[in-house]
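Each chain, letter by letter, is given below.
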Amino acid sequence: NCVELLPVFEFDETACPRKNPHTGEQLCNYWGYSTVAFHVPMQRFASRERASGAIIGFKTLVRELHRAGIEVMLDVVFNHTAEGTWGESNWHSWKKIAHPRYYLLSKGCDTNYTGCGNTMNANDPMCAEWIVGCLKYWALDMHVDGFRFDLASTLCRGGDGKVCHEPNVIKMMSNDPELKHVKLVAEPWDCSWPDGYLVGHFPSCGEPRWSEWNGKFRDTLRSFLKGDEGMKGEFATRICGSSDLFKHNGRGPCHSINFITAHDGFTLRDLVSYSGKQNACNGENSGDDHNNSWNCGHEGPTWDGGVNHLRERQMRNFLVALLLGVGTPLLVFGDEYGRSQRGCNNGWCQDALSWFSWSDCAKEENKLVRFTSLLISMRKRYEHIFCRRGFMGEKDIWWRVHWDDPYNYVCYVLHDHKAANGYSALLFAFNAGNAFKECDLPAGKQWFRLIDTNLPSPKDVCEDEKKAAKIDGSSYGMHPFSCIVLKCMADKSEGFSFGDSENEYLQQQQTQEHLKEVVKRRASMELLPNIDPAQVRATGMMRRLSSMSGIVMELAAQLNGTSNEGDHDVVIEREPSSTLMPLTVSSCMLLGLNELEEPQPVAHMQAAAVTTGGSIFSPAPEGSAGSEVAVRFEVSCSSTNPGEAVFVCGSASAVGGWDPAKALPCKTSASAFPVWTSEVVKVVAGTKVEFKIVIGPEASMAGKRWEGGDNRIVTPQTAADGQVLGLTCEWGVQ
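Predicted, not measured: the structure shown is a model, and the values here were computed from it. (Residues numbered from 1 in each chain as written. Predicted model: local features only at pLDDT ≥ 70, side-chain atom pairs only at ≥ 80, totals over all residues. Heavy atoms only, no water.)

## A look at the sheet that holds strand E13 (residues 409-415)
On the basis of which strands lie adjacent, the open sheet formed by six strands has the order E12-E13-E14-E19-E16-E17 and antiparallel pairing. Two strands bound the open sheet, and with one partner strand each, they are strand E12 (397-399) and strand E17 (469-470). Summarising the sheet, strand E16 (residues 447-452) and E17 pair through two bridges and their orientation is antiparallel. Looking at the pairing, Arg449 lines up with Ala469 of E17. Sheet contacts for helix H9 (residues 305-323): strand E14 (425-431), E16 and strand E19 (482-488); angle to E19, the most-contacted strand, approximately 45 degrees. (Pairing = 2+ DSSP bridges. Helix = DSSP H or I, 4+ residues; strand = E, 2+ residues; numbered from the N terminus. Contact = heavy atoms within 4.5 Å. Axes fitted to C-alpha atoms, helices over the stretch in contact; angles between N-to-C directions.)

## Considerations on the packing of aromatic side chains
Centre distance and the angle of the planes are the two values used to describe a pair of aromatic rings. Overall, the coordinates contain 35 aromatic pairs when judged by the stated rule. Seen in terms of ring centroids, Phe202 and Trp210 are 5.1 Å apart; in terms of plane orientation they differ by 45 degrees. Their pairing is tilted. With respect to class, Phe202 is no different from Trp210; both count as buried. Here Phe386 and Phe428 contribute two aromatic rings whose centre-to-centre distance is 6.2 Å and whose plane-to-plane angle is 85 degrees, an arrangement assigned as edge-to-face. Remark: Phe428 occurs in strand E14 and Phe386 occurs in helix H12 (residues 383-386); sequence separation between them is 42 residues. Comparing Phe386 with Phe428 shows no difference in burial state: the two are buried. (Phe/Tyr/Trp six-rings, centres within 6.5 Å; stacked < 30°, edge-to-face > 60°. Buried < 20%, exposed > 50% of the residue type's maximum accessible area, 1.4 Å probe, protein only.)

## What about the side chain of Asn258?
Within the secondary structure, Asn258 is located in strand E10 (residues 256-259). The residues touching Asn258, leaving out its near neighbours within four places in the chain, are Asn214, Phe217, Leu322, Val326, Gly327, Thr328, Pro329 and Leu330.

## Observations concerning the environment of Asp244
Turning to its location among the elements, Asp244 is positioned in helix H7 (residues 243-246). Placed 44 residues apart in sequence, Asp244 and Gly200 show a C-alpha to C-alpha distance of 8.0 Å. Excluding residues within four positions of it along the chain, Asp244 makes contact with Thr237 and Arg238. Of the polar contacts made by the side chain of Asp244, one reaches the side chain of Arg238; its length is 2.8 Å. (Polar contact = N/O pair within 3.5 Å; in protein donor to acceptor, adjacent residues only side chain to side chain.)

This is the structure we're talking about:
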């Protein structure tokens, strides 16, 4: 799984002089393809306005997506810069440094292979080195997994503007050892036709590692599924991985990034609802006029049930072809529920119009969202068919097509060579025309229906193959503009279930809850507060950020004894430590106590489970929920400065309820140092408690330092009478 983000480098969203002609609203640069600073995340994307808040926020985003098994790719713009846009003389960087080194010029003037007023001279050694250095920063420091290069053909142009076969900058990216782990994806065209159209021919300059946005896949499927005649052969090539584009230079189907829609152009719903663009809201005549779209009989929204049903079928047809085709599918956010931009196919300056609607998504939860989700599950179940490394041959696919017939009806059978018991196969049929078609089924086999896009939800897709409808007879009737997927099974009882299992569903729910907690977390949870910006240099800040990695909690085998009764509480006087100390925490162990009259011996009882991220919690023993348990915190910390103490601050009221002023103080003694021990406090048994360790002055809230990383999470259970629930932590290790 992977998420690709539109540009996140710093850009000026106010750099748009246009207004909406209908409302008078000032438009903005919503997409961000006009970069002004390439080593800085967009500051207005940060949740808090404080030093390096955007860096911390972006790193947190990447970390949490990685924890959910999702890679992060960035859409990067190295084809032009924001300088000189809209005719303004805002030459704030490269043009005043070395104009001819960073920009492609013709007779001393900027060239315009990008449609944005200038073109970067990417293959000049100075410019190429800067580009590669920027990629290394985002890959190594910000931990992104790959890059999609906007208008990547401009990166292949030499100083004379002509396309090179082995461009220097591509060679540097492809062979740099520090970038060998990242994914490289090209949008293989620019605004110059035809020399800039490099689909299937983008140079790798080394091992075949570059993937490409397959514009021919998009154009072919749009034409085929709306019924343009004579498209069967081209459709068959694209649905099987586009071997004509990627096989010749050693690449495979996975290098074909298949897509139907993208951020620029119609959304999936608008693709089947509008035959022409509706971009008057931009105050300009922008956007592509060649969309291969079809409104299904009415332009824009309608109450006509027949038109709306046809549109629903078409959206499902596109999703089947995309997600159950060979190659790497790319799905635009919102298409899973049918997001609309009211016909605007160039939303670069449209803010609210481009938003994801959670309410609209909820309405489609049991319809198009369910259909999309099950298609993805089906793709995963049959990844040996759809996620293949090599191209298909005669042993893999059986075409049942009259190639000379111009009508767009295609049927094919994919043989499942990894079937556990007997012969198994998937039959696909697309009826992309106005006629009713009978799909003849291979004789001597029993077929079951998995998908029929003409049927209403939930019959449109089967969640469990064991419950799939059996097809009686030698053919299956297909309505106009519909597609089917059938399966041949020797033993129906061995069929797959595409719905989420109970464990998978619970894990997803826990991940969602954790992500909600992360986005609500105060900036102080991610960055040490009260830092005087005037006293912190950039190098010091980067050292601090580098120390804020993820946290792993481990259960200790046993807990050390409490401090000696004869010790006196003292403040340890020693040399001040650096404020750039590592922030880590090592072990966590639960022990228990019931009564508080006198200090009790600490019981050595290991907790059932303690994890970070909230992914697993030990359940409270039956009947114990709601009862109170006494807890004592013991923190190992040698990073305090003179006059400072250690505190525990967390979600429970006993540890301050996240209010630092009410945090639970810990004390130490000369013989106990560096162990700091709190008083015994009561918390509710079986209830999740989140907390962090804080260092700061005993009598003041100013200058308190929070530990980095995730909140610590424990779930105290009840203990036998006379036992203490003891929790040990170490500042700097989790």
